[in-house]
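Single-letter residue listing:
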Protein chains: 2
Amino acid sequence: MSDRSAAGPATRVVAADELRRFVTAVLEHAYVLRPDAEFVARVLVEADLRGVDSHGVTRLPGYLEMIERGLLRTQPDIRVVTDAGACALMDGDLGFGMLVARDGMAQAIDRAKRHGLGMVVARQAVHTGLVGYYTMTAADQGCIGIAMNNGPTIVPAFGGVTPIYATNPISAAFPAHHEEPVVLDMATSMVAAGKLRLAAKKGARIPTDWGTDANGKPTDDPVEVISNGFLQWAGGHKGYGLATVIELMTGVLSGGTFGFDSPALKHFGRDSLVQSATFIAIDIERFMPLEAYKSRVDRLVRDIHASKPAAGVKRVYAPGEPEFEHRRERMARGIPLSGAVFEELAVVGSRTGQRLSEPRPAGG
Amino acid sequence: MSDRSAAGPATRVVAADELRRFVTAVLEHAYVLRPDAEFVARVLVEADLRGVDSHGVTRLPGYLEMIERGLLRTQPDIRVVTDAGACALMDGDLGFGMLVARDGMAQAIDRAKRHGLGMVVARQAVHTGLVGYYTMTAADQGCIGIAMNNGPTIVPAFGGVTPIYATNPISAAFPAHHEEPVVLDMATSMVAAGKLRLAAKKGARIPTDWGTDANGKPTDDPVEVISNGFLQWAGGHKGYGLATVIELMTGVLSGGTFGFDSPALKHFGRDSLVQSATFIAIDIERFMPLEAYKSRVDRLVRDIHASKPAAGVKRVYAPGEPEFEHRRERMARGIPLSGAVFEELAVVGSRTGQRLSEPRPAGG
């Protein structure tokens, strides 16, 4: 079972259902109510299915550590603070951000069905996870869904070297008819920190627009970025501008933490991971029949597919399509977990009488 | 007066008021109604004041050419097609995009005051110009303003070499108290085509993430990008993802042109410049007292200013601040027009009995 190599423990492949069962059981043991535990498990495993491993089950040990330290409440009082027409302000009471996001997007969709548009701004949420999960929920219900969040500081303002924002992600999802929905789900930083760690492990150089050294100068050395420097914004000042917009639409508007009063993001699990998040739903039917819109989305996707590929490119994708490809493959073949992640989960499971069953070596 | 050098006609400096008067008079002569002509002039000169010269009075000859060719209607029937709660769909009837945008954002703000949010989607608009103009109008009225548009195709999908979108700009504006409003106003391409032409003139190399050659490979040769290649997206696939979102929020949702059925953007003025545009207003008072929000925006701007600058950086700016600095300087000293632009305007003016008075050489 413990197929180790010199490079560390080997990758294990686990079925999505089994991973959901395991995460749900571990969270229930930590006094999370069963339906809530199931939902958190669903969002985490969805990230793994879509290939966004950084937001998947690898986060579970960190959540448990936050629960132990009192930084994450297992039975929060998530509530609407003010309710005014198409808008609502929510307080997440330091509960799982997934639960806050589930309620927030549901409220936004409900308002969209009544007014045409709905917008919910939530504060005091602890890590909403895969932000695209909630926008896809809106798309499933005939809406355009938009979601974004701020969080603990890790990236400096463009031209500065003092961390001021999180990587401030944004997602938007659009329903299609025959094609998969179009789903943008991105951090406004050029890459996630995980990509730097991967390059560092391989001893590889990185493109100079990924990060800077301690003085804010672009560097191709991933170790320098990780140890002393900073992530850089996607498109330089443009990504920074978007991140600022997201800060102003979330933490500034929610009455929550923002800018320098957000905690620093140093150690996931041991530091507070408090965020504000904003959810917008747009009822497509107010503009044209839903089926007509979906057919037009199909046509745009077909235009994208009909594009002549650049030299060396096999296929031109719509945003979100590679993630749907990942999902199909991982639903069929299982989710590969790195040996390190598998062992962390095993430790967490052993404390709570749970184990991940039927793992098999990659390719087995 | 015609202070020429070997490099071409010299820069002239014209006062903003005089430039507005001139543009208004020329447009009136082309049968644009006076209040409409004044508004178009105000938006164009605002772009010049803010240093966004590419969207300023340099566009006037192109507009006149479109009017002559019947591609731009001087007295359009801009109308609301469907009106449903917080949402409205408008048809611009191939009128000036500035007039469509003025009405669109006004309608969005009106709906925001009634419902908390407002969203207007408009099709058949001819060049909305400086998209940040309209979002700043919303911020002046206590709203968060968001605006975006699609248009004729010039940039390929990421990984492709068939132009599919315009540079699809987006703007968002947020009111502050003591500070200037925070204003994001950006194309989703890495740079505007004008920056490439400038580099080509100087014989300079460009960063490899600005554009590609004919095969879609990154190049540092601006001439190759202009002659055979393509602009690249800000942050690569991330800017492409945002541009796709904007296409889906504008042309796809408006019932207007999108993707491959948009005209190609080859020659400004001689080809149709039809766009769809979307305007969103959010009533801040639904979430917190407006003054409280403005003070929080001030605090974020102060956090940005308190950031330690990177090596070689003098000052860390909030989005939109450099443009406000430009505006103060150009209001005080006048707007510098390149000799080429000045001469084009002189030609246009001479046909209509107008001349730009009191020009003086730069620095004079």
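Above this text sits the structure in question.
Residues numbered from 1 in each chain as written. Chains lettered and ligands numbered in written order. Predicted model: local features only at pLDDT ≥ 70, side-chain atom pairs only at ≥ 80, totals over all residues. Heavy atoms only, no water.

Between the two copies, chain A and chain B, the superposition gives an RMSD of 0.0 Å; the rotation angle is 180° and the shift along the axis is 0.0 Å. Taken together, the rotation and translation describe the operation of a two-fold axis. Across chain A, the smallest distance between a C-alpha and the rotation axis is recorded for G235(A), namely 2.1 Å. A high fraction, 100%, of the interface residues of chain A reappear at the interface in chain B, so the copies pair face to face through one surface. (Least-squares fit on C-alpha atoms with pLDDT ≥ 70 in both. Contact = heavy atoms within 4.5 Å.)

Here we take up helix α11 (residues 321-333) of chain A. With 13 residues, α11(A) extends 18 Å from end C-alpha to end C-alpha; this agrees with the ideal 18 Å at 1.5 Å per step. The positive-phi residue at the C-terminal boundary of α11(A) is G334(A), with phi of around 100°. (Helix = DSSP H or I, 4+ residues; strand = E, 2+ residues; numbered from the N terminus. Expected span 1.5 Å × (residues − 1).)

This next bit is on the pattern of salt bridges. For the structure on display, the rule yields 46 salt bridges over all chains. The closest approach of N and O atoms between R34(A) and E28(A), which form a salt bridge, is 2.5 Å. With its nearest N and O atoms 2.9 Å apart, the salt bridge here joins R21(B) to E18(B). Taken as a pair, R21(B) and E18(B) lie in helix α1 (residues 16-29) at a separation of 3 residues, close to a single helical turn. A relative accessible area of 36% places R21(B) in the partly exposed class. Taken together, the salt bridges that share partners define one network made up of E28(A), R34(A) and E38(A). (Salt bridge = Lys/Arg side-chain N within 4 Å of Asp/Glu carboxyl O. Buried < 20%, exposed > 50% of the residue type's maximum accessible area, 1.4 Å probe, protein only.)

For sheets, the rule is that strands pair by backbone hydrogen bonds, running either parallel or antiparallel. Residues and elements named next belong to chain A. In space, the 7 strands of this open sheet follow the order β4-β5-β6-β14-β7-β10-β11, with mixed pairing throughout. Edge positions in the sheet fall to β4 (79-84) and β11 (182-186), since each of these pairs with one other strand and no more. Across the sheet, the mean angle separating the axes of adjacent strands is 10° when strand polarity is ignored. Of the strand pairs in this sheet, strand β10 (residues 170-174) and β11 are connected by 5 bridges, and their pairing is antiparallel. The partner of A172 across the bridge, within β11, is L184. (Pairing = 2+ DSSP bridges. Axes fitted to C-alpha atoms, helices over the stretch in contact; angles between N-to-C directions.)

A few words now on the nonpolar core. M249(A), Y293(A), M249(B) and Y293(B) are the most contacted members of the largest nonpolar core, which has 106 residues in total. Setting aside residues no more than four positions away along its own chain, M249(B) makes contact with I144(A), I146(A), F174(A), I282(A), M119(B), V121(B), M148(B), T278(B) and I280(B). In this structure, V14(B), V100(B), A112(B) and F342(B) belong to the second largest nonpolar core, which totals 61 residues. (Core = buried A, V, L, I, M, F, W, Y, C linked by side-chain atoms within 4.5 Å.)

The next point concerns the interface of chain A and chain B. Contacts between the two partners involve 79 residues from chain A, matched on the other side by 79 residues from chain B. Residues R299(A) and D261(B) are paired through a salt bridge, measuring 3.0 Å at the closest nitrogen-oxygen approach. Put simply, chain A and chain B have 32 residue pairs in polar contact (both at pLDDT 80 or more) between them. Top element by residues in the side of chain A that touches chain B is helix α8 (residues 237-249) of chain A. It accounts for 9 residues. (Polar contact = N/O pair within 3.5 Å; in protein donor to acceptor, adjacent residues only side chain to side chain.)

Residues and elements named next belong to chain B. The buried count for strand β14 (residues 274-283) comes to 10 of 10 residues, which makes it a mostly enclosed element. As paired strands, strand β6 (residues 117-126) and β14 are joined by 8 bridges and run antiparallel to one another. Its bridge partner being in β14, M119 is matched across the sheet by I280. Where strand β7 (residues 143-149) meets β14, 7 bridges bridge the pair, whose relative direction is antiparallel. Among the inter-strand pairings, I144 is bridged to a residue of β14, identified as I282.

Residue and element names in this part refer to chain B. Read across the open sheet, the 7 strands follow the order β4-β5-β6-β14-β7-β10-β11; overall the sheet is mixed. The strands lining the two open edges of the sheet, one partner per strand, are β4 (79-84) and β11 (182-186). Ignoring strand direction, the axes of neighbouring strands in this sheet form an average angle of 10°. Sitting on the sheet, helix α8 (residues 237-249) touches β6, β7, β10 (170-174), β11 and β14, and the angle it makes with β7 is about 95°.

This part is about α1(B). Residues and elements named next belong to chain B. Under the 1.5 Å per step criterion, the end-to-end length of α1 is 20 Å for 14 residues, consistent within 8% with the ideal 20 Å. α1 sits mainly inside the fold: 10 of its 14 residues count as buried. Those residues of α1 not exposed but buried are A16, E18, L19, R20, F22, V23, T24, A25, V26 and L27. Directly beyond the C-terminal end of α1, a positive phi value near 75° is found at Y31.

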